[in-house]
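# Coordinate inspection notes
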Amino acid sequence: MSSVEDSQPLINHLIELRNRLLKAILCILLVFCALVFFANDIYRLVALPLIEQLPQGSTMISTGVAAPFFTPLKLTGVVAIFLSVPYLLYQVWAFVAPALYQHEKRLIYPLLFSSTLLFYAGVAFAYYVVFPLVFGFLTKTAPEGVAIATDISNYLDFVLTIFLAFGICFEVPIAIILLCWSGVTTADDLRKKRPYIIVAAFVIGMFLTPPDVFSQTLLAIPMWLLFEVGLLVSRFYKPREEQERSPS
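All values derive from a computational prediction rather than experimental measurement. (Residues numbered from 1 in each chain as written. Predicted model: local features only at pLDDT ≥ 70, side-chain atom pairs only at ≥ 80, totals over all residues. Heavy atoms only, no water.)

### Looking at the overall build of the chain
Test applied: Runs of H or I in DSSP of at least four residues are treated as helices and runs of E of at least two as strands, each being numbered from the N terminus. Three exposure classes are used, based on accessible area relative to the maximum for each residue type with a 1.4 Å probe and protein chains only: buried under 20%, partly exposed in between, and exposed over 50%. By the convention used here, residues are in contact when the closest approach between their heavy atoms is within 4.5 Å. Using a 1.4 Å probe, the Shrake-Rupley method yields the accessible areas, and only the shown protein chains count as cover for residues.
A count of helical and extended segments in the chain gives 10 helices and 0 strands. Reading the chain from its N end, one meets helices and strands in the order α-α-α-α-α-α-α-α-α-α. Among the 248 residues that make up the chain, the fraction classed as buried is 38%. For the chain, contacts bridging at least 24 residues in sequence account for 83% of all contacts bridging at least 6. Split by element, the accessible area of the chain, about 15100 Å² in all, is 71% carbon and sulfur.

### Focus on the nonpolar core
Basically, it comes down to this: Residue types Ala, Val, Leu, Ile, Met, Phe, Trp, Tyr and Cys, when buried and joined through side-chain atoms within 4.5 Å, form a set referred to as a nonpolar core.
If you look at the biggest cluster of nonpolar residues, it comprises 50 residues, and the most contacted ones within it are Y43, M60, L75, Y155, V159, F163 and F166. Only α1 (2-35), α2 (39-51), α3 (67-96), α4 (102-140), α5 (152-169), α6 (172-182), α7 (187-192) and α9 (213-233) provide two or more residues apiece to this core. With 10 residues, α4 is the single largest residue contributor to this core. Ignoring anything within four residues of it in the chain, the contact list for L75 reads I42, Y43, V46, L156 and L160. If you look at the next biggest cluster of nonpolar residues, it comprises 5 residues, including W93, A97, L107 and W181.

### Let's talk about the packing of aromatic side chains
Quick note on the threshold: The rule is short: rings of Phe, Tyr and Trp, with Trp giving its six-membered ring, pair when the centres are within 6.5 Å, and they are stacked under 30 degrees, edge-to-face over 60, tilted in between.
Applying the stated criterion to the full structure yields 14 aromatic pairs. Members of the aromatic cluster, joined through ring pairs, are Y43, Y127, Y128, F131, F135, Y155, F158 and F163.

### Considering the packing of α3 against α5
Quick reminder of the rule: Note on method: axes are straight lines fitted to C-alpha atoms, helices fitted across the in-contact stretch only, with angles between N-to-C directions ranging 0 to 180 degrees. Oblique is the label for any angle not covered by the other classes, which are roughly parallel (under 35 degrees), roughly antiparallel (over 145) and roughly perpendicular (65 to 115). Two helices that cross are described as forming a left-handed crossing if the nearer one is turned anticlockwise from the farther one by less than a right angle, and a right-handed crossing if clockwise. Amino acids outside the nonpolar list (Ala, Val, Leu, Ile, Met, Phe, Trp, Tyr, Cys, Pro) and the charged list (Asp, Glu, Lys, Arg) are all regarded as polar, and Gly is one of them.
Interaxial distance between α3 and α5 falls to 9 Å at its minimum, and their mutual angle equals 15 degrees. On the basis of the axis angle, α3 is roughly parallel to α5. The crossing of α3 and α5 is left-handed. On α5, the residues that touch A67, P68, T71, K74, L75 and V78 of α3 are I152, S153, L156, D157 and L160. Across the contact of α3 with α5, the residue classes tally to 7 nonpolar, 2 polar and 2 charged.

### Observations regarding α3
Rules: An expected span of 1.5 Å times one less than the residue number is assigned to each helix. What the bend at a residue measures is the angle between two axes, fitted to the seven residues ending there and to the seven starting there.
Spanning 30 residues, α3 covers 40 Å between terminal C-alpha atoms, matching the ideal 44 Å at 1.5 Å per step. Maximal helix bending in α3 amounts to about 55 degrees, located at V85; proline P86 follows within four positions.

### Considerations on a nonpolar patch on the surface
To keep things clear, this is the line we draw: Each patch is built from residues that are more than 30% exposed by relative accessible area and take part in no salt bridge. Like charges join if they lie within 9 Å; nonpolar side chains (Val, Leu, Ile, Met, Phe, Trp, Tyr) join within 5 Å. Between Lys or Arg on one side and Asp or Glu on the other, a salt bridge is scored when a side-chain nitrogen of the former is within 4 Å of a carboxyl oxygen of the latter.
Together, L10, L14, L17 and L21 make up a nonpolar patch on the protein surface, roughly 370 Å² of accessible area in all. Position of L17 relative to the elements: it lies in helix α1. Exposure remark for L17: the relative accessible area of 33% places this residue in the partly exposed category.

### Side note on the UniProt feature "transmembrane region" (unreviewed entry) in the chain
What counts is decided by this rule: UniProt positions are given in the numbering used here, feature names are shortened, and annotations may be inferred rather than shown by experiment.
Mapped onto the present numbering, the UniProt feature "transmembrane region" (unreviewed entry) falls on residues 21-39, 75-96, 117-138, 158-184, 196-213 and 219-237. Secondary structure across residues 117-138 comprises 100% helix and 0% strand; the distance between its end C-alpha atoms is 30 Å. Note that residues 158-184 is 85% helix and 0% strand, and that its end C-alpha atoms are spaced 34 Å apart.

This is how it looks when you write it as structure tokens:
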């Protein structure tokens, strides 16, 4: 009898998890259905930074028979997920919140909100700052006699990778806060390692941007500044073990 009673909470959690997942999927589908009519317009908007840098008379091409149809749909699906992120995070929050202490809820809620904004900021930075510089550099370094005609599928894979990379890189403050809050490290230890972290930021910038110092700096400096922001905010997040020992 006790084993049956013990299994009830687990079953209830699984049922709630299923319901949360279904709500998240339904939200994505609804957003996708609302945007699918504008799929070609969305793709053109994302492709605009490259189109503006192409030589006169050059256009993007499609090497796949069905690519002109499926590529914009694929992008629309990604955009639907992107726009649904606040609701998806709410579902995650609603699922884990009952297991958290009251003081943990007060700390995690700002992290969820700020992590969403930082990810969006990273994507916007890539689109408005990095892409014009990257595509301007790449289109002007093509060998003479080589016509630039980028495949739409390859372009989409490239920009989605960059969007994801910059979105994740802009989560540096959240990562630092979580590391300090979990007790893995402290703000003082990270402050002592600042020179190594700055070098690491430039190394990451070297791999994510074209091989010129200016573009590398555009990623490295924001990462360094976000690292400093993370150190500043982490002061308000005591290690979790200390919070559990201290009276609420």
